[in-house]
Amino acid sequence: MTEVLNEAIADYEQKLFWRTLNEQVERTQREDPDGWADYMAEREAIMGQPSDRIAPEWEGLIKFPKERNEIDKR
């Protein structure tokens, strides 16, 4: 029983982490679009495009700005 509860708590904490992260990213994009664009340009110059660097197990957990804009247009 303890193991089941521990797994449920860990799952909840992970989901809460990703939800909070996504909310913070969205807030930054909304409140400082120029700063966000600068950040993304610098990040892509160093790391490459998001699709080139995301680990398979992270697919779907983070929505990159370009993906979010494409989804919103549908």
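Below or above, wherever it landed, is the structure these notes cover. (Residues numbered from 1 in each chain as written. Predicted model: local features only at pLDDT ≥ 70, side-chain atom pairs only at ≥ 80, totals over all residues. Heavy atoms only, no water.)

## Quick look at the packing of aromatic side chains
Within a pair of aromatic rings, the relevant descriptors are the distance that separates the centres and the angle that separates the planes.
Move 1: For the structure shown, the criterion picks out 2 aromatic pairs.
Move 2: Consider the rings of Phe-17 and Trp-18, whose centres lie 5.0 Å apart with planes at 75°: the pair is edge-to-face.
Move 3: By relative accessible area, which is 47% here, Phe-17 ends up partly exposed.
Move 4: When its relative accessible area of 12% is taken as the criterion, Trp-18 is described as buried.
Move 5: Consider the rings of Trp-36 and Tyr-39, whose centres lie 5.3 Å apart with planes at 45°: the pair is tilted. Here Tyr-39 and Trp-36 lie together in helix α2 (residues 33-47), a separation of 3 residues that amounts to about one turn.
Move 6: Judged by relative accessible area, which is 40%, Tyr-39 ranks as partly exposed. (Phe/Tyr/Trp six-rings, centres within 6.5 Å; stacked < 30°, edge-to-face > 60°. Buried < 20%, exposed > 50% of the residue type's maximum accessible area, 1.4 Å probe, protein only. Helix = DSSP H or I, 4+ residues; strand = E, 2+ residues; numbered from the N terminus.)

## Regarding a nonpolar patch on the surface
Move 1: Together, Met-1, Leu-5 and Ile-9 line one region of the surface with nonpolar side chains, adding up to about 360 Å² of accessible area.
Move 2: In this structure, Ile-9 sits in helix α1 (residues 2-31).
Move 3: Residue classification places Ile-9 among the partly exposed residues on the basis of a relative accessible area of 45%. (Patch = residues over 30% accessible without salt bridge, like charges linked within 9 Å, V, L, I, M, F, W, Y side chains within 5 Å. Areas by Shrake-Rupley, 256 points an atom, 1.4 Å probe, with all protein chains shown as cover. Salt bridge = Lys/Arg side-chain N within 4 Å of Asp/Glu carboxyl O.)

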